[in-house]
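The chain contents come next:
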Amino acid sequence: MERLFALCLRFYPAGYRELFCDEMLDVYCEGLQAAVACGRIAEARFVSREVLGALFGACREHSRVHLGDGFLEIFSVRRFAMRSANKFPISALVFMILSLLAVVYTIAQAEALSLSIRQDNPILELRPVHFVLPGGLLIMWLIAGILGIAGWAIAAALRRSGAERLSRTETWSSAK
Amino acid sequence: MEPISEPVLLILLSLAGQPRHGYAILKDVEEMSGGRVVLSTGTLYGALRRLLEDRWIERVKQSDTARGKVAYRLTSGGRSGVEAEVDRMKRITRLAKLRVAAKEA
(Lines give C-alpha, C1' and ligand atoms only; values in the text may rest on other atoms or scores of the structure.)
Protein backbone atom coordinates (compact mmCIF):
# COMPACT_ATOMS: atom_id res chain seq x y z
CA MET A 1 0.00 0.00 0.00
CA GLU A 2 2.92 2.30 0.70
CA ARG A 3 4.21 1.61 -2.81
CA LEU A 4 0.83 2.49 -4.29
CA PHE A 5 0.85 5.86 -2.56
CA ALA A 6 4.50 6.42 -3.55
CA LEU A 7 3.49 5.71 -7.14
CA CYS A 8 0.71 8.31 -6.91
CA LEU A 9 3.23 10.86 -5.61
CA ARG A 10 5.31 10.39 -8.76
CA PHE A 11 2.54 12.12 -10.70
CA TYR A 12 3.23 15.42 -8.92
CA PRO A 13 5.38 18.10 -10.61
CA ALA A 14 9.13 17.72 -9.92
CA GLY A 15 9.45 20.85 -7.77
CA TYR A 16 6.52 19.87 -5.60
CA ARG A 17 7.87 16.30 -5.23
CA GLU A 18 11.23 17.57 -4.12
CA LEU A 19 9.70 19.80 -1.47
CA PHE A 20 6.85 17.70 -0.06
CA CYS A 21 6.83 14.07 -1.17
CA ASP A 22 9.06 12.62 1.57
CA GLU A 23 6.91 14.35 4.16
CA MET A 24 3.71 13.20 2.49
CA LEU A 25 4.92 9.61 2.47
CA ASP A 26 5.78 9.85 6.18
CA VAL A 27 2.32 11.24 6.93
CA TYR A 28 0.70 8.50 4.85
CA CYS A 29 2.66 5.77 6.65
CA GLU A 30 1.67 7.13 10.05
CA GLY A 31 -1.97 7.32 8.99
CA LEU A 32 -1.84 3.84 7.50
CA GLN A 33 -0.52 2.37 10.74
CA ALA A 34 -3.41 3.93 12.64
CA ALA A 35 -5.94 2.76 10.02
CA VAL A 36 -4.59 -0.82 10.01
CA ALA A 37 -5.08 -0.93 13.78
CA CYS A 38 -8.78 -0.08 13.25
CA GLY A 39 -9.48 -2.98 10.89
CA ARG A 40 -9.76 -3.86 7.22
CA ILE A 41 -12.63 -1.50 6.37
CA ALA A 42 -10.90 1.48 7.95
CA GLU A 43 -7.73 0.57 6.07
CA ALA A 44 -9.56 0.31 2.73
CA ARG A 45 -11.30 3.64 3.31
CA PHE A 46 -8.05 5.28 4.30
CA VAL A 47 -6.14 3.97 1.27
CA SER A 48 -8.89 4.91 -1.22
CA ARG A 49 -9.21 8.40 0.27
CA GLU A 50 -5.45 8.92 0.21
CA VAL A 51 -4.95 7.61 -3.32
CA LEU A 52 -7.81 9.71 -4.71
CA GLY A 53 -6.62 12.74 -2.75
CA ALA A 54 -3.06 12.30 -4.06
CA LEU A 55 -4.19 11.85 -7.67
CA PHE A 56 -6.50 14.84 -7.50
CA GLY A 57 -3.72 16.84 -5.84
CA ALA A 58 -1.31 15.89 -8.66
CA CYS A 59 -3.83 17.07 -11.28
CA ARG A 60 -4.37 20.31 -9.34
CA GLU A 61 -0.63 20.99 -9.06
CA HIS A 62 0.01 20.28 -12.73
CA SER A 63 -2.86 22.52 -13.78
CA ARG A 64 -1.57 25.22 -11.45
CA VAL A 65 1.96 24.98 -12.86
CA HIS A 66 0.95 24.91 -16.52
CA LEU A 67 -2.36 26.74 -16.65
CA GLY A 68 -2.53 28.96 -13.58
CA ASP A 69 -4.52 28.88 -10.36
CA GLY A 70 -7.93 29.60 -11.84
CA PHE A 71 -7.98 26.78 -14.36
CA LEU A 72 -9.55 24.09 -12.16
CA GLU A 73 -12.39 26.46 -11.38
CA ILE A 74 -13.61 25.97 -14.94
CA PHE A 75 -13.94 22.21 -14.47
CA SER A 76 -15.22 22.34 -10.95
CA VAL A 77 -16.23 18.96 -9.49
CA ARG A 78 -17.35 20.56 -6.28
CA ARG A 79 -21.03 19.96 -6.83
CA PHE A 80 -21.52 19.88 -3.07
CA ALA A 81 -19.80 23.11 -2.26
CA MET A 82 -20.35 25.28 -5.29
CA ARG A 83 -20.81 28.98 -4.94
CA SER A 84 -24.16 30.25 -6.02
CA ALA A 85 -22.55 32.00 -8.99
CA ASN A 86 -21.22 28.68 -10.33
CA LYS A 87 -24.21 26.45 -9.66
CA PHE A 88 -25.35 24.28 -12.50
CA PRO A 89 -28.68 25.78 -13.55
CA ILE A 90 -31.70 23.55 -14.16
CA SER A 91 -32.31 25.37 -17.43
CA ALA A 92 -28.93 24.10 -18.72
CA LEU A 93 -30.02 20.54 -17.92
CA VAL A 94 -33.29 21.03 -19.81
CA PHE A 95 -31.43 22.43 -22.84
CA MET A 96 -28.97 19.51 -22.74
CA ILE A 97 -31.83 16.99 -22.76
CA LEU A 98 -33.56 18.87 -25.60
CA SER A 99 -30.29 18.92 -27.55
CA LEU A 100 -29.81 15.18 -27.02
CA LEU A 101 -33.36 14.48 -28.20
CA ALA A 102 -32.78 16.66 -31.27
CA VAL A 103 -29.58 14.76 -32.11
CA VAL A 104 -31.30 11.37 -31.67
CA TYR A 105 -34.23 12.53 -33.82
CA THR A 106 -31.87 13.77 -36.54
CA ILE A 107 -29.98 10.45 -36.54
CA ALA A 108 -33.27 8.54 -36.84
CA GLN A 109 -34.41 10.80 -39.70
CA ALA A 110 -31.07 10.40 -41.48
CA GLU A 111 -31.32 6.65 -41.13
CA ALA A 112 -34.84 6.60 -42.53
CA LEU A 113 -33.73 8.80 -45.41
CA SER A 114 -30.73 6.64 -46.22
CA LEU A 115 -32.94 3.53 -46.24
CA SER A 116 -35.41 5.22 -48.58
CA ILE A 117 -32.74 6.02 -51.21
CA ARG A 118 -32.53 3.37 -53.86
CA GLN A 119 -29.04 1.92 -54.14
CA ASP A 120 -28.95 1.45 -57.89
CA ASN A 121 -25.52 2.93 -58.57
CA PRO A 122 -23.12 -0.04 -58.58
CA ILE A 123 -19.99 2.15 -58.55
CA LEU A 124 -20.77 4.02 -55.37
CA GLU A 125 -22.31 1.12 -53.51
CA LEU A 126 -23.86 3.29 -50.86
CA ARG A 127 -24.81 1.26 -47.85
CA PRO A 128 -27.27 2.56 -45.31
CA VAL A 129 -26.03 2.78 -41.74
CA HIS A 130 -27.98 0.27 -39.72
CA PHE A 131 -28.62 2.14 -36.55
CA VAL A 132 -31.09 0.13 -34.52
CA LEU A 133 -32.75 2.87 -32.59
CA PRO A 134 -34.05 1.16 -29.43
CA GLY A 135 -30.94 -1.00 -28.86
CA GLY A 136 -28.54 1.79 -29.74
CA LEU A 137 -30.31 4.23 -27.46
CA LEU A 138 -30.34 1.70 -24.65
CA ILE A 139 -26.60 1.15 -24.92
CA MET A 140 -26.03 4.91 -25.09
CA TRP A 141 -28.09 5.52 -21.96
CA LEU A 142 -26.38 2.59 -20.23
CA ILE A 143 -22.91 3.99 -20.95
CA ALA A 144 -24.03 7.48 -19.91
CA GLY A 145 -25.50 6.04 -16.70
CA ILE A 146 -22.32 4.10 -15.84
CA LEU A 147 -20.16 7.17 -16.51
CA GLY A 148 -22.51 9.29 -14.42
CA ILE A 149 -22.39 6.90 -11.49
CA ALA A 150 -18.59 6.65 -11.73
CA GLY A 151 -18.31 10.44 -11.85
CA TRP A 152 -20.64 10.81 -8.89
CA ALA A 153 -18.64 8.21 -6.91
CA ILE A 154 -15.38 10.06 -7.63
CA ALA A 155 -16.97 13.38 -6.63
CA ALA A 156 -18.30 11.81 -3.42
CA ALA A 157 -14.88 10.34 -2.59
CA LEU A 158 -13.22 13.69 -3.24
CA ARG A 159 -15.77 15.36 -1.03
CA ARG A 160 -14.94 12.89 1.71
CA SER A 161 -11.24 13.62 1.28
CA GLY A 162 -11.91 17.33 1.80
CA ALA A 163 -10.40 18.27 -1.56
CA GLU A 164 -13.48 20.08 -2.81
CA ARG A 165 -13.56 22.25 0.28
CA LEU A 166 -10.38 23.99 -0.79
CA SER A 167 -12.58 25.94 -3.15
CA ARG A 168 -12.01 29.19 -1.39
CA THR A 169 -8.25 28.97 -0.94
CA GLU A 170 -7.65 31.65 -3.53
CA THR A 171 -8.91 34.16 -1.00
CA TRP A 172 -5.40 34.27 0.44
CA SER A 173 -3.97 35.95 -2.58
CA SER A 174 -5.99 39.05 -1.83
CA ALA A 175 -4.38 39.22 1.60
CA LYS A 176 -0.84 39.42 0.22
CA MET B 1 -10.86 39.64 2.12
CA GLU B 2 -13.10 36.69 1.27
CA PRO B 3 -13.90 34.06 3.90
CA ILE B 4 -11.42 31.24 4.46
CA SER B 5 -12.72 27.73 3.85
CA GLU B 6 -13.38 25.59 6.90
CA PRO B 7 -10.55 23.05 6.36
CA VAL B 8 -8.03 25.83 5.85
CA LEU B 9 -9.25 27.67 8.92
CA LEU B 10 -8.93 24.46 10.93
CA ILE B 11 -5.38 23.96 9.62
CA LEU B 12 -4.49 27.51 10.65
CA LEU B 13 -6.11 27.07 14.06
CA SER B 14 -4.16 23.86 14.51
CA LEU B 15 -0.95 25.79 13.95
CA ALA B 16 -2.04 28.74 16.10
CA GLY B 17 -1.15 27.00 19.36
CA GLN B 18 2.16 25.43 18.41
CA PRO B 19 4.17 24.29 15.37
CA ARG B 20 3.00 20.89 14.10
CA HIS B 21 4.09 18.42 11.46
CA GLY B 22 1.78 17.00 8.80
CA TYR B 23 0.25 14.04 10.59
CA ALA B 24 -0.27 16.04 13.80
CA ILE B 25 -2.16 18.67 11.77
CA LEU B 26 -4.40 16.00 10.21
CA LYS B 27 -5.26 14.50 13.58
CA ASP B 28 -5.82 17.89 15.17
CA VAL B 29 -8.14 19.02 12.35
CA GLU B 30 -10.13 15.80 12.68
CA GLU B 31 -10.36 16.21 16.43
CA MET B 32 -11.33 19.90 16.29
CA SER B 33 -14.11 19.18 13.79
CA GLY B 34 -15.38 16.19 15.74
CA GLY B 35 -14.47 13.83 12.89
CA ARG B 36 -16.42 15.82 10.31
CA VAL B 37 -13.40 17.13 8.39
CA VAL B 38 -11.03 14.32 7.48
CA LEU B 39 -8.35 15.62 5.14
CA SER B 40 -6.29 13.41 2.89
CA THR B 41 -2.54 13.92 2.77
CA GLY B 42 -2.77 15.32 -0.78
CA THR B 43 -5.40 17.83 0.26
CA LEU B 44 -3.45 18.89 3.34
CA TYR B 45 -0.24 19.49 1.45
CA GLY B 46 -2.08 21.33 -1.32
CA ALA B 47 -3.33 23.75 1.33
CA LEU B 48 0.06 23.95 3.07
CA ARG B 49 1.77 24.75 -0.24
CA ARG B 50 -0.57 27.68 -0.86
CA LEU B 51 -0.28 28.91 2.72
CA LEU B 52 3.51 28.78 2.37
CA GLU B 53 3.36 30.69 -0.90
CA ASP B 54 1.18 33.35 0.70
CA ARG B 55 3.50 33.44 3.72
CA TRP B 56 0.78 32.65 6.20
CA ILE B 57 2.88 29.77 7.53
CA GLU B 58 6.55 28.79 7.48
CA ARG B 59 8.53 25.57 7.70
CA VAL B 60 10.67 24.82 10.74
CA LYS B 61 12.86 21.82 11.53
CA GLN B 62 11.78 20.06 14.70
CA SER B 63 14.91 19.33 16.66
CA ASP B 64 13.19 17.22 19.31
CA THR B 65 12.48 14.30 16.94
CA ALA B 66 15.07 11.73 15.86
CA ARG B 67 14.35 12.17 12.16
CA GLY B 68 14.25 15.96 12.27
CA LYS B 69 10.69 16.20 10.94
CA VAL B 70 9.61 19.37 9.23
CA ALA B 71 6.94 21.26 11.14
CA TYR B 72 4.84 24.25 10.18
CA ARG B 73 4.03 27.35 12.19
CA LEU B 74 1.97 30.48 11.73
CA THR B 75 3.73 33.66 10.69
CA SER B 76 2.64 37.03 12.04
CA GLY B 77 0.77 37.62 8.74
CA GLY B 78 -1.02 34.31 9.14
CA ARG B 79 -1.97 35.13 12.71
CA SER B 80 -3.42 38.47 11.60
CA GLY B 81 -5.38 36.66 8.89
CA VAL B 82 -6.83 34.18 11.37
CA GLU B 83 -7.75 36.99 13.75
CA ALA B 84 -9.48 38.87 10.93
CA GLU B 85 -11.42 35.74 10.00
CA VAL B 86 -12.45 35.13 13.62
CA ASP B 87 -13.63 38.76 13.88
CA ARG B 88 -15.65 38.32 10.70
CA MET B 89 -17.27 35.18 12.10
CA LYS B 90 -18.01 36.96 15.37
CA ARG B 91 -19.79 39.75 13.49
CA ILE B 92 -21.88 37.23 11.57
CA THR B 93 -22.75 35.35 14.76
CA ARG B 94 -23.77 38.57 16.47
CA LEU B 95 -25.91 39.57 13.51
CA ALA B 96 -27.48 36.10 13.33
CA LYS B 97 -28.36 36.22 17.04
CA LEU B 98 -29.98 39.62 16.64
CA ARG B 99 -31.99 38.56 13.61
CA VAL B 100 -33.15 35.29 15.16
CA ALA B 101 -34.08 37.08 18.40
CA ALA B 102 -36.04 39.71 16.41
CA LYS B 103 -37.91 36.97 14.57
CA GLU B 104 -38.80 35.15 17.81
CA ALA B 105 -40.01 38.38 19.46
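From a predicted model like this one, the values you see are computed outputs, not experimental measurements.

(A) Structural context of the overall build of chain A. Along the backbone of chain A there are six helices and zero strands. When the helices and strands of chain A are listed from N to C terminus, the series reads α-α-α-α-α-α. Within chain A, the fraction of its 176 residues that count as buried is 26%. A separation threshold of at least 6 residues defines the contact pool for chain A, and within that pool the share at least 24 residues apart is 58%. Summed over all atoms, the accessible surface of chain A reaches about 11900 Å², with 68% contributed by carbon and sulfur.

(B) Region of interest: the environment of leucine 4 of chain A. Residues and elements named next belong to chain A. Its location among the elements puts leucine 4 in helix H1 (residues 2-9). On the basis of relative accessibility, which here comes to 37%, the residue leucine 4 falls in the partly exposed class. Through-space distance from the C-alpha of leucine 4 to that of valine 51 is 7.8 Å; in sequence the pair is 47 residues apart. For leucine 4, the contacting residues outside a window of four places in its chain are Val47 and Val51.

(C) Just the confidence of the model for chain A, in detail. Residue and element names in this part refer to chain A. Averaged over every residue, the pLDDT of chain A is 76; the share at 70 or more is 68%. Of all the helices and strands in chain A, helix H4 (residues 71-74) carries the lowest mean pLDDT, 59, while helix H2 (residues 14-37) carries the highest, 90. Low pLDDT (under 50) marks residues 76-86, which in the prediction has 20 contacts with non-local residues, meaning those over four places away or in another chain.

(D) Representation of the nonpolar core in the model. Counting residues in each nonpolar core, the largest one holds 42 residues, and the members touching the most others are Ile11, Leu12, Tyr45, Ile57 and Tyr72 of chain B. Secondary-structure elements contributing two or more residues to this core are H1, H2 and helix H3 (40-67) of chain A together with helix H1 (6-17), helix H2 (22-32), helix H3 (41-53) and strand E2 (70-74) of chain B. Top element by residues in this core is H2 of chain A. It accounts for eight residues. The residues touching tyrosine 45 of chain B, leaving out its near neighbours within four places in the chain, are Tyr16, Phe20, Glu23, Met24 and Val27 of chain A together with Gly22 and Tyr72 of chain B.

(E) Highlighting the pattern of salt bridges. In total, this model carries eleven salt bridges over all chains according to the counting rule given. In this structure, the salt-bridge partner of glutamate 30 of chain B is lysine 27 of chain B, at a minimum N-O distance of 3.5 Å. Remark: lysine 27 of chain B and glutamate 30 of chain B occur in helix H2; sequence separation between them is three residues, near one turn of the helix. Its relative accessible area of 37% is what places lysine 27 of chain B among the partly exposed residues. A salt bridge links glutamate 58 of chain B to arginine 73 of chain B, with the nearest nitrogen and oxygen atoms 2.8 Å apart. With glutamate 58 of chain B in strand E1 (residues 57-61) and arginine 73 of chain B in strand E2, this residue pair connects regions lying 15 residues apart in the sequence. Taken together, the shared-partner salt bridges in this structure form one network comprising Arg60, Glu61 and Arg64 of chain A together with Arg49 and Glu53 of chain B.

Thresholds applied
- Residues numbered from 1 in each chain as written.
- Chains lettered and ligands numbered in written order.
- Predicted model: local features only at pLDDT ≥ 70, side-chain atom pairs only at ≥ 80, totals over all residues.
- Heavy atoms only, no water.
- Helix = DSSP H or I, 4+ residues; strand = E, 2+ residues; numbered from the N terminus.
- Buried < 20%, exposed > 50% of the residue type's maximum accessible area, 1.4 Å probe, protein only.
- Contact = heavy atoms within 4.5 Å.
- Areas by Shrake-Rupley, 256 points an atom, 1.4 Å probe, with all protein chains shown as cover.
- pLDDT = per-residue confidence, 0-100.
- Core = buried A, V, L, I, M, F, W, Y, C linked by side-chain atoms within 4.5 Å.
- Salt bridge = Lys/Arg side-chain N within 4 Å of Asp/Glu carboxyl O.

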